[in-house]
Amino acid sequence: MTGGQERLFVLEASSGGRLFSVNPDGSDKKVVVTGCRIPDGVAVDVVAGHIYWTNMGLPPQNDGSIERVDLDGGNRTTIVPSGVTYTPKQLHFEAAGRKLYWGDREGMRVMRCDLDGSNVETLVQTGQGDDDRRDETRWCVGVAVDPVGGHLYWTQKGPSDAGLGKILRAGVDLPSGERAAERGDIEVLFEELPEPIDLELDLAERMLYWTDRGDPPRGNSVNRSPMDLPDRRWTPEILLTHLMEGIGLALDPDDGRMYVTDLAGTVYAADLDGSNRTEILVLQGNLTGIARAVLPTGRRAGCGGGRRAGGPVPSSGRG
């Protein structure tokens, strides 16, 4: 990494729900905002100077939301209000198209919007109504976008430890004349995975990475696979194991590093092949999403601002 200050932005779903930032070695922890309603996915737009995150809310109440704050914790605002998205999970900032993408778990869909929260669209719909909602194989969680290849990737995790998880992809845009619930361009890349959660792409090397919460040996892990598979017989490569329910994943392709969070409160750093694994933070609460950004010199990431009143946040449960 050259030029600017490298920071990691991490979400903690317990202790009232917090967003904090640290250096890549875990030092200089700064709380950016508190009072988040079970935060799960985080993304950073360095150019505009904004941090975005999803709030799961209480899943039975269909009250998820997306918020935005300046890098220093100021000007906190809700851009996607409660009820527009059901249970938003991983959040992806697509810089070329200036869009936010996210998986909506109980909403059973993949969604996107403009950076101010306008033009909310449903790109994939895997079910409708309460009966479908009880089928966890329909739950969309992780999301990533390949603007060059024109593909949208997402995970459908399935029930806990059930081995019914999938990774799928389709075109970034809804095909003309088709509906989100009846797309004809959806490909299943992997199925019968333990419980895939968050996704990240290394576009230069054309590699797909993901966390998996399910049972060992394939679960509690970080995995990868080539994005451009010549066939469907590829076996994912397991890079890290023995996570305590891995969730968040952030890549630094330039320096060949990855950063991973788990629900036990640990932030891991490792090379992209899984070697040189270290624990840079431990016992930080129930950690969910993580993002990496290089900030311009002189820009501070978090100073304890942006506080919003909020009582104790319930446990996020599984997935």
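All of these numbers come straight from a predicted model, not from anything done at the bench.

Enquirer: Before we go on, may I ask you to explain the pattern of salt bridges in this structure?
Expert: When their charged atoms lie close together, side chains carrying opposite charge are able to pair. Considering all chains together, one arrives at 29 salt bridges under this definition. The salt bridge partner of E121 is K99, with a shortest N-O separation of 3.7 Å. Highlighted residues: E121 in strand β11 (residues 121-125) and K99 in strand β9 (residues 99-104), separated in sequence by 22 residues. For E121, a relative accessible area of 29% translates into the label partly exposed. Among the residues examined, K99 registers a relative accessible area of 15% and is labelled buried.

Enquirer: When you look at unusual backbone geometry in this model, what are you seeing that I'm missing?
Expert: Outside of glycine, negative phi angles account for most residues, and trans bonds account for most peptide bonds. Look at the link from P216 to P217: it is a cis peptide, with omega at 5°. Here P217 is to be found in the loop between β17 (207-212) and β18 (221-226). Although it is not a glycine, D28 adopts a positive phi angle of roughly 60°. With respect to the helices and strands, D28 occurs in the loop between β2 (18-22) and β3 (30-34). For D28, a relative accessible area of 36% gives the class partly exposed. Its identity is not glycine, yet H242 carries a phi of approximately 60°, on the positive side. Structurally, the position occupied by H242 is in the loop between β19 (237-240) and β20 (246-252).

What counts and what doesn't
Residues numbered from 1 in each chain as written. Predicted model: local features only at pLDDT ≥ 70, side-chain atom pairs only at ≥ 80, totals over all residues. Heavy atoms only, no water. Salt bridge = Lys/Arg side-chain N within 4 Å of Asp/Glu carboxyl O. Helix = DSSP H or I, 4+ residues; strand = E, 2+ residues; numbered from the N terminus. Buried < 20%, exposed > 50% of the residue type's maximum accessible area, 1.4 Å probe, protein only.

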